[in-house]
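Fold and contact review
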Amino acid sequence: MNIGVKLKEARLQAGLTQEDVAEEIRVTRQTISNWETEKSFPDIVNVIKLSALYNISLDKLLKEDEKMIEHLEKSTNIVKSNQKLIIAIIANAMMLIIFIFFNSLIISNPYLIMGSSAFGIISTCYLFYQIIKKI
């Protein structure tokens, strides 16, 4: 059984309208309708709120719904992807700061030039990779 059908059945068994549910979890009535017709899916926070509101377990609500599981995995991967992008940006910013402050030291040592160049190329490639993944 799909999550939309489960959500609608649970709402009806609880004796609630879409408007009641929307007010309770702070979304629009249209959002509740979209979830019940599977035009969109709730995020994990709202799934937990719905589970508590309808007094049904998360396991019962999510079990055997591959589309919903896929949606939750995708939304979790987006968060991880954002973290990696932030790390890549910070690494590039730190590299730039190091180049500015230690310019005279780096230029006088060929090993530091090679190492910092390699680090710069790798971190910039990683940053571009993370940006391209977002697109």
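Here goes a summary of the coordinates provided. No experiment lies behind these values; they were computed from the predicted model shown.

Structural notes on helix α3 (residues 29–36)
Along α3, the residues that are buried comprise I32, S33, N34, W35 and E36. Where α3 is buried, its residues contact α1 (3–13), α2 (18–25) and α4 (44–54). Backbone geometry just after α3 places E38 at a positive phi near 60°.

What about the environment of F102?
Along the chain, the position of F102 falls in the loop between α6 (66–101) and α7 (103–107). Residues F102 and E36, 66 residues apart in the sequence, show an inter-C-alpha distance of 59 Å.

A short note on the environment of N46
Following the sequence through the fold, N46 ends up in helix α4. With 19 residues separating them in the primary sequence, N46 and V27 have C-alpha atoms 9.3 Å apart. Those residues in contact with N46 that lie beyond four places of it in its chain are I25, V27 and W35.

A few points about the nonpolar core
Nonpolar side chains in soluble globular proteins generally cluster together in the buried interior. Residues L7 and L50 are the most contacted members of the largest nonpolar core, which totals 15 residues. Secondary structure elements with two or more residues in this core: α1, α2, α3, α4, α5 (58–62) and α6. Ignoring any residue separated from it by four or fewer positions in sequence, one finds L7 in contact with W35, E36, L50, Y54 and L61.

A word on a nonpolar patch on the surface
On the surface, a cluster of nonpolar side chains totalling about 810 Å² of accessible area is made up of L96, I97, I98, I100, F101, F102, L105 and L112. Among the elements that make up the nonpolar patch, the one with the highest residue count is α6 (5 residues). Assignment of secondary structure puts I100 in helix α6.

Digging into the packing of α2 against α4
Put simply, α2 and α4 touch, their axes get as near as 11 Å, and they point 120° apart. In this view, α2 runs oblique relative to α4, as classed from their interaxial angle. Handedness of the crossing formed by α2 with α4: right-handed. In contact with V21, E24 and I25 of α2, α4 contributes N46, K49, L50, L53 and Y54. Here the contact of α2 with α4 is composed, by residue class, of 5 nonpolar, 1 polar and 2 charged.

A look at the packing of α2 against α3
At a closest axis distance of 8 Å, the pairing of α2 and α3 adopts a crossing angle of 110°. By the criterion of interaxial angle, the relationship of α2 to α3 is roughly perpendicular. The chirality of how α2 crosses α3 is right-handed. Taken together, the residues of α3 that come into contact with α2 (itself represented by Q18, E19, V21, A22 and I25) are R29, I32, S33, W35 and E36.

Remarks on a negative patch on the surface
A cluster of acidic residues, E19, D20, E23 and E24, forms a negative patch on the protein surface. Here E23 is to be found in helix α2. For E23, a relative accessible area of 56% gives the class exposed.

What counts, and where the lines are drawn
- Residues numbered from 1 in each chain as written.
- Predicted model: local features only at pLDDT ≥ 70, side-chain atom pairs only at ≥ 80, totals over all residues.
- Heavy atoms only, no water.
- Buried < 20%, exposed > 50% of the residue type's maximum accessible area, 1.4 Å probe, protein only.
- Helix = DSSP H or I, 4+ residues; strand = E, 2+ residues; numbered from the N terminus.
- Contact = heavy atoms within 4.5 Å.
- Core = buried A, V, L, I, M, F, W, Y, C linked by side-chain atoms within 4.5 Å.
- Patch = residues over 30% accessible without salt bridge, like charges linked within 9 Å, V, L, I, M, F, W, Y side chains within 5 Å.
- Areas by Shrake-Rupley, 256 points an atom, 1.4 Å probe, with all protein chains shown as cover.
- Salt bridge = Lys/Arg side-chain N within 4 Å of Asp/Glu carboxyl O.
- Axes fitted to C-alpha atoms, helices over the stretch in contact; angles between N-to-C directions.
- Parallel < 35°, antiparallel > 145°, perpendicular 65-115°, else oblique.
- Left-handed = near helix turned anticlockwise from the far one by under 90°.
- Nonpolar A, V, L, I, M, F, W, Y, C, P; charged D, E, K, R; others polar.
- Lys, Arg positive; Asp, Glu negative; His and termini not counted.
- Charge placed at Lys NZ, Arg CZ, Asp CG, Glu CD.

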